[in-house]
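The chain contents come next:
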There are 4 protein chains.
Amino acid sequence: MEKERRKEREFNLRRTEILDQAARIFAAKGFHSATVADIANASGFAIGTLYQFFESKEKLYAAVLTEKLGMMYAETQKAVEDEPELLKKIEVLVTSQFRFVENNTEFCSIFIRGDYLSLSEGSTELRERMIKDYAVYVSFVEGVMRKGIRAGVLKEMEPILMADALMGIINSYASKWLIAAEGQSLMVNVQPVVDIFLGGVRKNAH
Amino acid sequence: MEKERRKEREFNLRRTEILDQAARIFAAKGFHSATVADIANASGFAIGTLYQFFESKEKLYAAVLTEKLGMMYAETQKAVEDEPELLKKIEVLVTSQFRFVENNTEFCSIFIRGDYLSLSEGSTELRERMIKDYAVYVSFVEGVMRKGIRAGVLKEMEPILMADALMGIINSYASKWLIAAEGQSLMVNVQPVVDIFLGGVRKNAH
Amino acid sequence: MEKERRKEREFNLRRTEILDQAARIFAAKGFHSATVADIANASGFAIGTLYQFFESKEKLYAAVLTEKLGMMYAETQKAVEDEPELLKKIEVLVTSQFRFVENNTEFCSIFIRGDYLSLSEGSTELRERMIKDYAVYVSFVEGVMRKGIRAGVLKEMEPILMADALMGIINSYASKWLIAAEGQSLMVNVQPVVDIFLGGVRKNAH
Amino acid sequence: MEKERRKEREFNLRRTEILDQAARIFAAKGFHSATVADIANASGFAIGTLYQFFESKEKLYAAVLTEKLGMMYAETQKAVEDEPELLKKIEVLVTSQFRFVENNTEFCSIFIRGDYLSLSEGSTELRERMIKDYAVYVSFVEGVMRKGIRAGVLKEMEPILMADALMGIINSYASKWLIAAEGQSLMVNVQPVVDIFLGGVRKNAH
DNA sequence: GATGAATGAGGCTTCATTCAT
DNA sequence: TATGAATGAAGCCTCATTCAT
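Every chain is numbered on its own, with residues counted from 1 as its sequence reads. Whichever chain is written first is A, and whichever ligand is written first is 1; the rest continue in order. Given that this is a predicted model, residues contribute local features only at a pLDDT of at least 70 and side-chain atom pairs are listed and counted only at 80 or more, while totals for whole chains, interfaces and linings are drawn from all residues. Water and hydrogen atoms play no part in the side-chain values, which are based on all heavy atoms of the structure.

Student: Lay out the overall build of chain A with the relevant residues and their values.
Tutor: What chain A contains, in helices and strands, is nine helices and zero strands. Overall, chain A is about 70 × 45 × 35 Å in size when its C-alpha atoms are taken along their principal axes. Here chain A holds 206 residues, and the buried ones make up 49% of them. Note on contacts: a residue pair qualifies if any of its non-hydrogen atoms lie within 4.5 Å across the two residues. Taking all contacts inside chain A whose residues are at least 6 apart in sequence as the whole, residues at least 24 apart take part in 68%. Distance between charge centres in chain A, computed from 27 positive and 29 negative side chains, equals 2 Å. Comment: elements are numbered from the N terminus, with helices defined as DSSP H or I runs of at least four residues and strands as E runs of at least two. The buried label applies to any residue whose accessible area, calculated with a 1.4 Å probe on protein chains only, is under 20% of its type's maximum; exposed applies above 50%, and partly exposed to all values in between. Neither His nor the chain termini are counted; the positive set is Lys and Arg, and the negative set is Asp and Glu. By convention, the point assigned to a charge is CZ for Arg, NZ for Lys, CD for Glu and CG for Asp.

Student: Any chance you could break down the packing of helix α1 (residues 2-33) of chain D against helix α2 (residues 36-43) of chain D for me, citing the residues and the numbers?
Tutor: Residue and element names in this part refer to chain D. A fitted line through C-alpha atoms serves as each axis, taken over the contacting stretch for helices, and the angle formed by two N-to-C directions is quoted from 0 to 180°. The geometry of α1 relative to α2 is characterised by a closest axis approach of 9 Å and an angle of 145 degrees between their N-to-C directions. Like other packed secondary-structure pairs, α1 and α2 cross with a definite hand, here right-handed. Counting all contacts with α1, which are made through Glu 17, Ile 18, Gln 21, Ala 22, Arg 24, Ile 25, Phe 26, Lys 29 and Ser 33, the residues of α2 involved are Asp 38, Ile 39, Ala 42 and Ser 43. Residues of the contact of α1 with α2, tallied by class, amount to six nonpolar, three polar and four charged. By definition, turning the near helix anticlockwise from the far helix through less than a right angle yields a left-handed crossing, and turning it clockwise yields a right-handed one. All amino acids are sorted into three groups, where Ala, Val, Leu, Ile, Met, Phe, Trp, Tyr, Cys and Pro are nonpolar, Asp, Glu, Lys and Arg are charged, and the leftover types, Gly among them, are polar.

Student: Lay out the protein's contact with DNA strand E in plain terms, naming residues and giving numbers.
Tutor: By convention in these notes, a residue is near a molecule or strand provided one of its non-hydrogen atoms lies within 4 Å of it. Thr 49 of chain B, Tyr 51 and Lys 57 of chain C together with Thr 49 and Gln 52 of chain D are the nearest of the 26 residues found near DNA strand E. Atoms of DNA strand E within 4 Å of the protein: sugar and phosphate make up 68%, bases the balance. Within the backbone of Ala 46 of chain D, an N or O atom sits 3.3 Å from a phosphate oxygen of DNA strand E. The side chain of Gln 52 of chain D places a nitrogen or oxygen atom 2.6 Å from a phosphate oxygen of DNA strand E. When contributions to the surface near DNA strand E are tallied by element, the ones reaching two or more residues are α3 (47-53) of chain A, α3 (47-53) of chain B, α3 (47-53) of chain C together with α3 (47-53) of chain D. We define a polar contact as two N or O atoms separated by no more than 3.5 Å, with the added condition that, inside protein, one atom must be a possible hydrogen donor and the other a possible acceptor, whereas residues neighbouring each other in sequence contribute only through side-chain atom pairs.

Student: Describe the interface of chain B and chain A, listing the residues and the values that go with them.
Tutor: The interface of chain B with chain A comprises 43 residues on the first partner and 44 residues on the second. Two parts placed together each lose some accessible area; with a 1.4 Å probe, that loss summed over both constitutes the buried area. A combined buried area of about 3900 Å² lies between chain B and chain A, and 58% of that area is made up of carbon and sulfur atoms. Every case where a carboxyl oxygen of Asp or Glu lies within 4 Å of a side-chain nitrogen of Lys or Arg is listed as a salt bridge. Connecting chain B to chain A are two salt bridges. Close ionic contact of Asp 164 of chain A with Lys 176 of chain B constitutes a salt bridge, the shortest N to O distance being 2.9 Å. Ranked by residue count, the leading element in the side of chain B that touches chain A is helix α8 (residues 159-180) of chain B, at 11 residues. When grouped by side-chain class, the residues that make up the side of chain B that touches chain A number 22 nonpolar, 11 polar and 10 charged.

Student: Lay out the pattern of salt bridges in plain terms, naming residues and giving numbers.
Tutor: Residue and element names in this part refer to chain B. Enumeration according to the criterion identifies 29 salt bridges over all chains in this entry. Ionic pairing is found between Lys 29 and Asp 38, a salt bridge with its closest N-O pair at 3.1 Å. Assessed through its relative accessible area of 23%, Lys 29 is described here as partly exposed. Residue Asp 38 is classed as partly exposed on the basis of its relative accessible area, which comes to 22%.

Student: Account for the arrangement of the chains, with residues named and values stated.
Tutor: One finds no contact linking chain B with chain C; the least C-alpha distance across the pair is 19 Å. Over all C-alpha pairs, chain B and chain D never come within contact, reaching a minimum spacing of 14 Å.

Student: So what's going on with the relation of the copies chain B and chain A? Which residues, and what values?
Tutor: For this overlay, a least-squares fit was computed on C-alpha atoms, restricted to residues scoring pLDDT of at least 70 in both copies. When chain B is brought onto chain A, the operation consists of a screw motion whose angular component is 179 degrees and whose axial shift is 0.1 Å, with 0.2 Å RMSD remaining. When the rotation and shift are considered jointly, the pair of chain copies conforms to a two-fold rotation axis. Here 100% of the contact residues of chain B are again contact residues in chain A; the copies associate through an equivalent surface.

Student: Give me the lowdown on the protein's contact with DNA strand F, citing residues and values where you can.
Tutor: DNA strand F sits among 25 residues. The nearest are Thr 49 and Gln 52 of chain A, Tyr 51 and Lys 57 of chain B together with Thr 49 of chain C. For DNA strand F, the backbone portion of the atoms within 4 Å of the protein, that is sugar and phosphate, comes to 68%. At 2.9 Å from a phosphate oxygen of DNA strand F is found a side-chain nitrogen or oxygen belonging to Tyr 51 of chain D. Of all the secondary-structure elements, those providing two or more residues to the surface near DNA strand F are α3 of chain A, α3 of chain B, α3 of chain C together with α3 of chain D. Looking at the surface near DNA strand F, the element that brings in the most residues is α3 of chain C, giving four residues. The class makeup of the residues in the surface near DNA strand F is 12 nonpolar, 10 polar and three charged.

Student: Can you lay out the relation of the copies chain C and chain D for me, pointing to particular residues and giving the numbers?
Tutor: Overlaying chain C with chain D gives an RMSD of 0.2 Å, the required rotation being 179 degrees about an axis along which the chain moves by 0.1 Å. Taken as a fraction of all interface residues of chain C, those also at the interface in chain D reach 100%, which identifies the copy contact as same-surface.

Student: An account of the interface of chain C and chain D is needed here, citing residue identities and associated values.
Tutor: How large an interface is tends to be reported as the accessible area lost when its parts come together. Between chain C and chain D, the contact holds 44 residues from the first and 44 residues from the second. Between chain C and chain D lies a buried interface of about 3900 Å² when both sides are counted; carbon and sulfur atoms form 58% of it. On inspection of chain C and its partner chain D, the count reaches two salt bridges. Inspection of the region where chain C meets chain D yields 21 residue pairs in polar contact (both at pLDDT 80 or more).

Student: Can you lay out the packing of aromatic side chains for me, pointing to particular residues and giving the numbers?
Tutor: Whether two aromatic rings pair depends on their centres lying within 6.5 Å, for rings of Phe, Tyr and Trp, where Trp uses its six-membered ring; planes under 30 degrees apart make the pair stacked, over 60 edge-to-face, and the rest tilted. A complete count under the given rule lists 32 aromatic pairs over all chains for this structure. With 6.4 Å between their ring centres and 25 degrees between their planes, Tyr 137 of chain C and Phe 140 of chain C make a pair best called stacked. One end of the pair is Tyr 137 of chain C and the other is Phe 140 of chain C, both in helix α7 (residues 124-150) and three residues apart, which spans about a single turn. Note on Tyr 137 of chain C: relative accessible area 1%, which makes it buried. Judged by centre distance (6.3 Å) and plane angle (50 degrees), the ring pair of Phe 45 of chain D and Phe 53 of chain D falls under tilted. An identical accessibility class is assigned to Phe 45 of chain D and Phe 53 of chain D; each is buried. One aromatic cluster is present, formed by Phe 11, Phe 45 and Phe 53 of chain A through successive ring pairs. Counting as a charge over the ring demands two things of the Lys NZ or Arg CZ atom: a distance within 6 Å of the ring centre and an angle within 35 degrees of the ring normal. Across the ring face of Phe 31 of chain B, the terminal group of Lys 57 of chain B is positioned such that the distance to the ring centre comes to 4.5 Å.

Student: Would you mind going over the side chain of Ser 43 of chain D in detail, with residue names and values included?
Tutor: All names here are of chain D. For Ser 43, the location among the structural elements is in helix α2. On the basis of relative accessible area, Ser 43 is assigned to the buried category, the value being 7%. Setting aside chain neighbours within four positions, we find Ser 43 in contact with Glu 17, Ile 18, Gln 21 and Leu 50.

The following block contains the structure:
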């Protein structure tokens, strides 16, 4: 039915609006200090209405995190897969992740705040979920490394160690950029990241 | 007076006991979910007693963070300065930081939780303080890099970029170790970190 | 809208119910000993509900005092203005104030307790407000006296001194009545007050 | 023994010092906001020491009130009794009470605050005591009036009504003076009080 | 006798969630 | 379906009193 489809579309629009505003508020105040009333207010709905979209404040928070994060993982994964050349894949990965951070400053600030784990004891659910999602993503990166090793362009070394190192460098640069919030684009850091990760910092003796 | 000195020693003992237990509880539950009663209970003091040592729950939290973190910074800095050889300094830095993490698992988990910033609006104080302390530490690392460049053992490159990359790799490995908490010592990762950081992951063509 | 008006009416009903019960509790126990839970209980609302009507215990207390007191001032002022004859005005004033005391025994007991000033340091607000309201009222009484002087029915004397004296006598009788709480109506004291105030207690020599 | 007498003298000195400081603090902050620590601090003794002089905060408060108030009652009574002339007795009474207020501003402010009754429910003791003391004092004043009536210098009227009126006027002037705290001496009000009380405010027709 | 650190009951207030309209 | 007033559990903190030194 036409009507049904419209309904669903509207439902999703509202849901997304709530998610966006929630991300903004959570980023600004942190999970505990942000109140459901704040979010209801910001998104223009009544408190009760929020509860028709999300079971609880915690579930809403979980949705904010996992859905947006999932987008980033998906985007990056797609971009990397679309790049045929192995070494270039790494550059694409860095670029894609930095772009996401630049386009989602507020959302990413949540991770700087990082209170995504100080939830009620019972709710290890989100914690587990995020750790698992991250693990899945890292093993994708690990796969990229493994292919590089097999192809002989990367050193013989545990690929997971490579993946973790790369993620660490990326996170470090992104965090610094989010905290400092200077005018310069995060993108200027793509080349340094790739250079250090691939070539290291030691000067080669001749 | 003799008496006074004993008093002060006891005072510090109690204070430390509270700090330790608080670190444990905060690590386990996060700032907001941990209650003052929890901490009082764990440390064996009455609630009111905590308030003779720390003005508020927030100040206690701040003390937990800044004091222990300061120790880590100091320890690492000392170890690095004691090492004369430039390239070895980097290895010592990694080793020292990993050792601290291994010896302070609970405390370091706080950073995995990372809710050290979602405090009451007014209390940007702790936030600023920690960011500054971290910045000071990073610029120490930056200094090490700069010397390496001048000595011709490290590439010509912004030393701050090197420092951030190294910190990122260290954090990444430490976080994974804290989350996974497998039996293996974090120390087995020292060599990989140094190898990747110094030599990169790309296989050198001959 | 009809609905809105009903809502507002209900809101005011609830608010008044809370104010009344709060007056009762505050009068019985004093500001500090009365607990918010007491008042919630007495008024049949949940604790949280009180906070939808009044920001804080202190504001509730302030509302109890200023709103009822305002009513008394207004009532008395109106009654006095409606009386044309100057000397009679004084009798009307005494009658009106005594009537209010009789009809609001519990509320007035608050002033016998009189802890309306021992609030948190910052809250000089209520203190100032009440002193000012009282001052305004006294200057109204002063105005009555001034007219009496101009009309030649009262002695040549600072009218403010007269007003203060009259208020003092009234308060004294009202307080005694509130403390003793005998069966006799406070109204039997109207004539003595007027007699003493107008004629004094000295026997005239001939 | 000499030693014992000195001890007792010292004890009383300390006790008085505490009472004085307590009066100051209670006057400034009110019973509930004043802490035992405040008083200990102000009087230069340790908290524990206060409890060797007074059983509890409440008893200390009671002592502050009843002892000083008793002094005022006694002083005034003495002064009035020393005055032979009946009508002059009234003037002496007003003068004496005003003098006490002027010399004990801080103490008297307690009554302006007036939270001497919002104590724990059980402690009706102080309340009763003060009401009784006041009643005793008023009946002394009543006695003066009665004598005046018998001697034919005061009108035929319930002497208690006269006494209450006089006390009311005195309190009213004293309160206003305490609140306003202008530079002018309270003594300038003696004559007006006496004039109004004895002669009333109505202009005598000839 | 003097001290003051330790105690812990109890107060005010917040805010996620429900449910009658 | 949308609303938002009502709810009440639970948290942080204060402060009178005790008691070991």
